[in-house]
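Architecture and fold: a report
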Amino acid sequence: MKTAPELVRALLLVGLLPLAARASPTGLNQIPTPDLVPWKQLTLQLANGNMAVTPNLPVWRAPQVEGQSQFGLPWNMEAGLDVAPINAQQDYRPELNIKWVPINEDYYVPATAIGVTQLGVGFTPSYYLIASKTLNYAQIAYQKFRAHHRNIKLRGIRLMAGIQGTGNAWRALVGSDVEVNDHFIVEADWISGAQNSVSLGGVLVFNQHDSVTLALLHGNDQVRLMTGVLLQLTHTFDVTDPFTW
């Protein structure tokens, strides 16, 4: 049986979940996060697989639209099915992904997730370990506990760090997101390696179901300031009651 302090602690942990931003993706612009799609909810996404703005093959000539999905599972897990091209000829094939969060965030412990992506014929599997910590976690918890200040809401500021392995190459992952208000989140992330990028963008959350992500990218080995752009549309709904708004 839980003691009174344990019950207060559990309620605070639940209360710190981002309700207004639930329609936003469970990853940043490029890297995964320990966020999960809630149990029995399904997230559908459309995004441009080709993010280049260089003259050779810019996104407006060949966007390579990818369909993505994530389904919330029990036991702190989610799984997804994406459809993406395996080559420049845009031969589309399905690929699976799965994420597990064995450690939830606490006052001193970061949320931690492990996962695998690109499970499919023609794709090279990618494995990752990512952790995130809300910098003002204690302040948010304390503010929620003070009933006479319940109309004042502090916004979460998180930092993420991890590693990702694809083939024999391992890359560092770094990112951050800042909840500006109930409808806008600023995101930035970076993947090490010459062929990867740093990004800066934001998520516009219309309601608990729909959001739009827009981000600008700069290639790590590029001279020009902007080398890519990402546009992602997201719709989330409860599979047991898909028409409830």
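Scroll up for the structure.
So, a few notes on the structure that sits alongside this text. (Residues numbered from 1 in each chain as written. Predicted model: local features only at pLDDT ≥ 70, side-chain atom pairs only at ≥ 80, totals over all residues. Heavy atoms only, no water.)

1. Points about the overall build of the protein chain
Assigned secondary structure in the protein chain consists of two helices and 12 strands. Counting from the amino terminus, helix and strand elements in the protein chain follow one another as α-β-β-β-β-β-β-α-β-β-β-β-β-β. Going through the 245 residues of the protein chain one by one, you find that 39% of them count as buried. Sequence-distant contacts in the protein chain: of pairs separated by 6 or more residues, those separated by 24 or more amount to 47%. For the protein chain, the accessible area works out to roughly 13,700 Å², and carbon and sulfur atoms hold 65% of it. (Helix = DSSP H or I, 4+ residues; strand = E, 2+ residues; numbered from the N terminus. Buried < 20%, exposed > 50% of the residue type's maximum accessible area, 1.4 Å probe, protein only. Contact = heavy atoms within 4.5 Å. Areas by Shrake-Rupley, 256 points an atom, 1.4 Å probe, with all protein chains shown as cover.)

2. Some words on the pattern of salt bridges
Applying the stated rule across the entire model yields six salt bridges. Between Arg 158 and Asp 35 there is a salt bridge; the shortest N-O distance is 2.8 Å. Taken as a pair, Arg 158 in strand S7 (residues 157-166) and Asp 35 in the loop between helix H1 (4-15) and strand S1 (41-48) lie far apart in primary sequence, 123 residues in all. Linking Arg 158 and Asp 177 is a salt bridge whose minimum nitrogen-to-oxygen distance equals 2.7 Å. Here Asp 177 lies in strand S8 (residues 169-181) and Arg 158 lies in strand S7, a separation of 19 residues in the sequence. A residue is classified by how much of its surface remains accessible, and Arg 158, at 14% relative accessible area, is buried. Linked by salt bridges that have partners in common, Asp 35, Arg 158 and Asp 177 make up one network. (Salt bridge = Lys/Arg side-chain N within 4 Å of Asp/Glu carboxyl O.)

3. With respect to the sheet that holds strand S10 (residues 197-205)
Strand order around the closed barrel formed by 12 strands is S1-S2-S3-S4-S5-S6-S7-S8-S9-S10-S11-S12, with antiparallel pairing between neighbours. The average angle at which neighbouring strand axes cross in this sheet is 20 degrees, direction not considered. (Pairing = 2+ DSSP bridges. Axes fitted to C-alpha atoms, helices over the stretch in contact; angles between N-to-C directions.)

4. A look at the pairing of S7
Bridging between strand S6 (residues 126-134) and S7 involves nine bridges; their strand directions are antiparallel. Looking at the pairing, Leu 129 lines up with Ile 163 of S7. With 10 bridges connecting them, S7 and S8 associate as antiparallel partners. Within S8, the residue paired with Ile 157 across the bridge is Val 178. In sequence, S7 turns back onto S8 through a hairpin of two residues, with Gly 167 there showing a positive phi of about 65 degrees.

5. Looking at the nonpolar core
Ranked by size, the top nonpolar core spans nine residues in total: Leu 28, Ile 31, Val 101, Ala 113, Tyr 128, Ile 130, Met 160, Leu 173 and Ile 191. Not counting chain neighbours up to four residues away, the residues in contact with Tyr 128 comprise Pro 32, Ile 98, Lys 99, Ala 113, Ile 114, Gly 115, Val 116, Thr 117, Ile 163 and Gln 164. (Core = buried A, V, L, I, M, F, W, Y, C linked by side-chain atoms within 4.5 Å.)

6. Details of the environment of Ile 140
By the element assignment, Ile 140 lies in helix H2 (residues 137-145). Residue classification places Ile 140 among the buried positions, given a relative accessible area of 10%. In sequence terms Ile 140 and Gly 156 are 16 residues apart; their C-alpha atoms lie 7.5 Å from each other.

7. Some details on unusual backbone geometry
A positive phi angle, close to 60 degrees, is found at Trp 75, a residue other than glycine. Its place among the elements puts Trp 75 in the loop between strand S2 (65-73) and strand S3 (77-85). When its relative accessible area of 69% is taken as the criterion, Trp 75 is described as exposed. Notably, Gln 118 is not glycine yet its phi reads approximately 60 degrees, a positive angle.

8. Here we look at the side chain of His 209
Considering the arrangement of structural elements, one finds His 209 in the loop between S10 and strand S11 (210-219). Assessed through its relative accessible area of 7%, His 209 is described here as buried. A distance of 2.7 Å separates a polar side-chain atom of His 209 from the backbone oxygen of Thr 236. (Polar contact = N/O pair within 3.5 Å; in protein donor to acceptor, adjacent residues only side chain to side chain.)

9. Regarding the packing of aromatic side chains
Here the structure, examined in full by the defined rule, presents two aromatic pairs. Between the aromatic rings of Trp 39 and Phe 71, the centroid separation amounts to 6.3 Å while the plane-to-plane angle is 70 degrees, which identifies the pairing as edge-to-face. Residue Trp 39 is found in the loop between H1 and S1, and its partner Phe 71 is found in strand S2; the two are separated by 32 residues along the sequence. Phe 71 gets classed as partly exposed once you look at its relative accessible area, which sits at 27%. Arranged with centres 5.3 Å apart and planes meeting at 80 degrees, the rings of Tyr 107 and Tyr 137 form a pair that is edge-to-face. Of this pair, Tyr 107 sits in the loop between strand S4 (92-103) and strand S5 (111-119) while Tyr 137 sits in helix H2, and the two are 30 residues apart along the sequence. (Phe/Tyr/Trp six-rings, centres within 6.5 Å; stacked < 30°, edge-to-face > 60°.)

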